[in-house]
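This is what each chain is made of:
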Amino acid sequence: MQCYENVVSYLSYGMLLAGLGHLVYHREAQASYGRHMKRSSPARTVPARVAWFLQEMPALLMPLLLMQLSHRYSTMGRALLLKTFCLHYFQRTFVYSLLTRGQPFPLSVMASAAVFCSLNGFLQGHYLLHCAHFDDKWSTGCRCIIGLLVFYTGMAINVHSDHILRNLRKPEEIVYAIPAGGLFEYVSGANYFGEIVEWCGYAIATWSLPAFAIAVFSLCFIGPRAFYHHRFYKEHFEEYPKFRKALIPFIF
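Below you will find a few notes about this structure. Computed from a predicted structure; not experimentally measured.

**Some details on unusual backbone geometry**
Then, number 1: One non-glycine residue, tryptophan 207, lies in the positive phi region at around 55°.
Then, number 2: By the element assignment, tryptophan 207 lies in the loop between α6 (190–206) and α7 (209–236).
Then, number 3: On the basis of relative accessibility, which here comes to 56%, the residue tryptophan 207 falls in the exposed class.
Then, number 4: Phi is positive for phenylalanine 250, close to 70°, though the residue is something other than glycine.
Then, number 5: By secondary structure assignment, the location of phenylalanine 250 is in the segment after α7.
Then, number 6: A residue is classified by how much of its surface remains accessible, and phenylalanine 250, at 68% relative accessible area, is exposed.

**Some thoughts on the packing of aromatic side chains**
Then, number 1: Applying the stated criterion to the full structure yields 21 aromatic pairs.
Then, number 2: A centroid spacing of 5.1 Å and a plane angle of 40° characterise the contact between phenylalanine 90 and phenylalanine 94, whose relative ring orientation is tilted. Here phenylalanine 90 and its partner phenylalanine 94 are both found in helix α3 (residues 76–99), 4 residues apart, which amounts to about one turn of the helix.
Then, number 3: A residue is classified by how much of its surface remains accessible, and phenylalanine 94, at 35% relative accessible area, is partly exposed.
Then, number 4: Members of the aromatic cluster, joined through ring pairs, are Phe85, Tyr89, Phe151, Tyr152, Trp199 and Tyr202.
Then, number 5: Directly above the ring of tyrosine 96 sits arginine 92, whose terminal nitrogen or CZ lies 4.2 Å from the centroid.
Then, number 6: The ring centre of tyrosine 176 lies 4.9 Å from the NZ or CZ of arginine 169, which sits over that ring.

**What about the environment of valine 46?**
Then, number 1: Along the chain, valine 46 falls in strand β1 (residues 45–46).
Then, number 2: Once the C-alpha coordinates of valine 46 and serine 108 are considered, the two residues, 62 residues apart in sequence, prove to be 9.6 Å apart.
Then, number 3: Setting aside residues no more than four positions away along its own chain, valine 46 makes contact with Ala51, Pro104, Phe105, Leu107 and Met110.

**Concerning the state of the cysteines**
Then, number 1: All told, the structure shown has 1 disulfide when counted by the stated rule.
Then, number 2: The side chain of cysteine 3 participates in a disulfide bridge whose partner is cysteine 131; the two sulfur atoms lie 2.0 Å from each other. Disulfide cysteine 3-cysteine 131: torsion about the S-S bond near 100°, hence right-handed. Taken together, the residues cysteine 3 in the segment before α1 (5–25) and cysteine 131 in helix α4 (residues 107–131) connect sequence positions 128 residues apart.
Then, number 3: Considering cysteine sulfurs only, cysteine 117 is the nearest to cysteine 86, which forms no disulfide, with 12 Å between them.
Then, number 4: A disulfide-free cysteine, cysteine 144 has its sulfur positioned 10 Å from the sulfur of cysteine 142, the nearest such atom.

**Considering α6**
Then, number 1: In a regular helix each residue adds 1.5 Å, so 17 residues correspond to 24 Å; α6 covers 24 Å between its end C-alpha atoms and thus fits that length.
Then, number 2: With respect to burial, α6 is a largely interior element, 15 of its 17 residues being buried.
Then, number 3: At the exit of α6 stands tryptophan 207, carrying a positive phi of roughly 55°.

**Examining the nonpolar core**
Then, number 1: By size, the foremost hydrophobic cluster in this structure holds 35 residues, and its most contacted members are Tyr89, Leu128, Trp199 and Tyr202.
Then, number 2: Contributing elements (two or more residues each) for this core: α1, α2 (48–69), α3, α4, α5 (142–166), α6 and α7.
Then, number 3: No other element matches α7, which puts 7 residues into this core.
Then, number 4: Those residues in contact with leucine 128 that lie beyond four places of it in its chain are Arg78, Leu81, Leu82, Phe134, Tyr202 and Thr206.

Rules used throughout
- Residues numbered from 1 in each chain as written.
- Predicted model: local features only at pLDDT ≥ 70, side-chain atom pairs only at ≥ 80, totals over all residues.
- Heavy atoms only, no water.
- Helix = DSSP H or I, 4+ residues; strand = E, 2+ residues; numbered from the N terminus.
- Buried < 20%, exposed > 50% of the residue type's maximum accessible area, 1.4 Å probe, protein only.
- Phe/Tyr/Trp six-rings, centres within 6.5 Å; stacked < 30°, edge-to-face > 60°.
- Lys NZ or Arg CZ within 6 Å of the ring centre and 35° of its normal.
- Contact = heavy atoms within 4.5 Å.
- Disulfide = S-S within 2.5 Å.
- Expected span 1.5 Å × (residues − 1).
- Core = buried A, V, L, I, M, F, W, Y, C linked by side-chain atoms within 4.5 Å.

Here you go:
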């Protein structure tokens, strides 16, 4: 399969615009799911575990399908970065989704997320398999090493933070408590911070427009959610730590 440069560009710029659009549209209130879902909403909902599984799965399946159809998978750069990308979505699909204790999702939110994950999976997979070029020294270069180190650091923060949040409540229980431990000692959205760091590392290692687009989209989409979580904690818990920031330790 040849590289469809125009498709890659359109999808990448579309992702950037979608992220910025979401940032502007939701500047007053967050998307209605989780703790921000309106109780009176008549929207049809899907159990959280089913929703997370179905919406994250396409981002894993698309690159795997493209790998099977491609004969250019063997190079070091493509293999390493594709496996890095797929590792994130494997964890979200088969680990996070099966362990989450979150509230049911609106069907429309799940469907939108599934469409995004499908497009993102195709974009990253197609770019790496058919458009990216890596020389023999790429894997030992500073950009690759730093990028992957940042990615796996972010993933560790994200997984550990999800573990802390999950253990704040019992199965089937819908209550909220102040998270503590790990990076939650410094920010309210430690799990979001970790995921944003992941994609920034991926963007550094890949050094491409599609990777930059997913990093910016993540910042625009889940960054504000960390801010609203922070405000939620401050409004509902008088004893909430005053020094704790919303997303970036010591800064914001």
